[in-house]
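One letter stands for each residue in the lines below.
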Amino acid sequence: MVALLSLFRKQRMWSPEEIRPRYDVVIVGGGVHGLAIAYELAKLGVTDVAVLEKSYIGAGGSGRNTAIIRSNYRTEPGVEFYDESLKIYEQLAVELDYNLLFSQHGHLTFAHTEAGIVGLRVRAETNQVLGVNSRIIDLKEIAELVPALDLSDRPRHPIMAALYHPPGGTIRHDAVVWGYARAASRRGVAIHTGVEVTGVNVADGAVTGVETNRGTIHAGVVVNATAGWATTIAAMAGVRLPIVTHPLQAMVTEPLKPILNPVLVSATLHVYVNQTDRGELVIGSEIDPYSSYSHRSTLPFLESTVRHALELLPAAANARVLRQWAGICDMTPDFGPIIGTVPEVRGFVVDVGWGTYGFKAAPAAGRRTAELIATGRTPDVIAPFTIERFANNQPLGEKAAAAVSH
Ligand code: PYC
């Protein structure tokens, strides 16, 4: 019996433990960002760390995104940052000793107009200058990559060219969350689920801890690594963030034979499609055009998104949609994240504002946020993402490549 119990304990992904009254660092949010920060802090020797998650780990955006990885952004800071993240993802399964099912099957962004081609060319050239593999390809090459596409001139918006980004692909999002949680726990991080933060305590301009549904926890550093609730947690510390929250929906079909290798994105059609290893088509669009905290799926989204997906892939017309879901996304005015300290409260660190692009960013955001906390210095690669950029009139201008329909 004792042997059986110890076997069971050994198989747990992370060890449950009592909540202590004090930690050096408390991270609010047990999604991929919070867990990556915790893991990277522990690697740097900061192990007195607690991750507080009000639900189960990965319950928010980390479990609801469509797991696309790419670094074909438009601005220099964006490309450099996401490329660092992609490179960490390339060796993360080995580092975490956990199969993450990362598949670099490529990423295609279509242009349907001359202006669209110019936009993609700017991205291709910025990518290439910064060493990122991405280039414009013509219809012949597109047809070789995805024979199922409708490349005729029959659609309302015929495809004219594409930005091809071979290192892009998809990863198993739950596995990434579990892998980080297990690795962080093995290095001494405490992961507390079912613990909701109800207040952030501040005294003399510095954070002193958090209030939770399980009592007060003291900490010298509190990290806001939430998605969807970033403004709520920040407001508890008296910090206002320039963020508006929107739902983002997606759906998945029944499994089909393989018809699609790369991820397909069309800004003009406001749609993206990829096929999972199991054969399902994952279909999504842009954020819903209204601010809300709702997790409800809607019929208008289903109707319009399917219609647009079928303009690209008419062969999928008879596929049945099995599931549809929504997550909530924190959008900043320039579609860039906010990472770093905040001027109002010492010890309050934010890793927020990840819009619809947070999952692919987590490894680099985790590593660099941990470095900031451990050393007190802002690493160069995240310096453009500080909150001060809004007051200093230095927005990022990443809207063109950050999301689906821009
Ligand atoms: O940034 O690649 C992306 C993306 C896909 C779906 C939502 N965001």
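In what follows, the structure referred to is the one given above.
Note that the coordinates shown come from a computational prediction; the quantities given were computed from them, not determined experimentally.

Asker: Would you mind going over the environment of Val 197 with me for this structure?
Answerer: Inspection of the secondary structure assignment puts Val 197 in strand S9 (residues 197-203). Val 197 gets classed as buried once you look at its relative accessible area, which sits at 6%. Once the C-alpha coordinates of Val 197 and Val 28 are considered, the two residues, 169 residues apart in sequence, prove to be 7.3 Å apart.

Asker: Looking at this structure, I do not really get the packing of aromatic side chains. What am I missing?
Answerer: Under the criterion given, the structure shown has 8 aromatic pairs. The interplanar angle of 25° and the centroid separation of 5.7 Å between the aromatic rings of Phe 81 and Trp 354 together place this pair among those described as stacked. In this pair, Phe 81 is assigned in helix H3 (residues 76-96) and Trp 354 in the loop between strand S18 (348-352) and helix H9 (358-375), connecting sequence segments 273 residues apart. Ring geometry for Phe 81 versus Phe 385: centroids 5.3 Å apart, planes at 85°, classification edge-to-face. Of this pair, Phe 81 sits in helix H3 while Phe 385 sits in the loop between H9 and helix H10 (388-391); the two residues are 304 residues apart in sequence, bridging distant segments of the chain. Taking the relative accessible area as the measure of exposure, Phe 81 reaches 0% and is therefore buried. By relative accessible area, which is 2% here, Phe 385 ends up buried. One aromatic cluster is present, formed by Tyr 73, Phe 81, Tyr 82, Trp 354 and Phe 385 through successive ring pairs. Here the basic side chain of Lys 54 rests over the ring of Trp 229, its NZ or CZ set 4.2 Å away from the ring centre.

Asker: Explanation requested: the nonpolar core in the structure shown.
Answerer: Nonpolar side chains tend toward joint burial in soluble globular proteins. Counting 62 residues, the largest nonpolar core has Val 25, Ile 27, Leu 41, Phe 81, Val 176, Tyr 180 and Val 223 as the members making the most contacts within it. Where this core is concerned, the elements lending two or more residues are strand S1 (22-28), helix H2 (32-43), strand S2 (49-53), H3, helix H6 (173-186), strand S11 (215-224), strand S16 (321-331) and H9. Setting aside residues no more than four positions away along its own chain, Val 25 makes contact with Leu 41, Val 46, Asp 48, Val 49, Ala 50, Val 221, Val 223 and Ile 373. By size, the runner-up hydrophobic cluster in this structure holds 28 residues, among which are Val 28, Ala 50, Val 207 and Val 352.

Asker: Please explain helix H8 (residues 299-312) as it appears in this structure.
Answerer: Look at H8: 20 Å from first C-alpha to last across 14 residues, which is about the 20 Å you get at 1.5 Å a residue. Looking at the packing, one finds that the buried side of H8 touches strand S4 (107-111), strand S12 (244-253), strand S13 (263-266), strand S14 (271-275), strand S15 (281-284) and S16. Where H8 begins, the side chain of Thr 298 points an oxygen toward the backbone nitrogen of Phe 301, at a separation of 3.4 Å.

Asker: Got a minute to help me understand the site of the ligand in this structure?
Answerer: Taken together, the neighbourhood of the ligand is formed by 9 residues, with Arg 70, Tyr 272, Thr 356, Lys 360 and Ala 402 sitting nearest. Between Arg 70 and the ligand, the recorded distance is 2.7 Å, taken from a side-chain N or O atom to an oxygen atom. The separation between an oxygen atom of the ligand and a polar side-chain atom of Lys 360 is 3.0 Å. Relative to its free-state accessible area of 240 Å², the ligand is covered by the protein chains to the extent of 95%. For the shell around the ligand, the class distribution of residues is 5 nonpolar, 2 polar and 2 charged.

Conventions used here
- Residues numbered from 1 in each chain as written.
- Predicted model: local features only at pLDDT ≥ 70, side-chain atom pairs only at ≥ 80, totals over all residues.
- Heavy atoms only, no water.
- Helix = DSSP H or I, 4+ residues; strand = E, 2+ residues; numbered from the N terminus.
- Buried < 20%, exposed > 50% of the residue type's maximum accessible area, 1.4 Å probe, protein only.
- Phe/Tyr/Trp six-rings, centres within 6.5 Å; stacked < 30°, edge-to-face > 60°.
- Lys NZ or Arg CZ within 6 Å of the ring centre and 35° of its normal.
- Core = buried A, V, L, I, M, F, W, Y, C linked by side-chain atoms within 4.5 Å.
- Contact = heavy atoms within 4.5 Å.
- Expected span 1.5 Å × (residues − 1).
- Polar contact = N/O pair within 3.5 Å; in protein donor to acceptor, adjacent residues only side chain to side chain.
- Near = heavy atom within 4 Å.
- Areas by Shrake-Rupley, 256 points an atom, 1.4 Å probe, with all protein chains shown as cover.
- Nonpolar A, V, L, I, M, F, W, Y, C, P; charged D, E, K, R; others polar.

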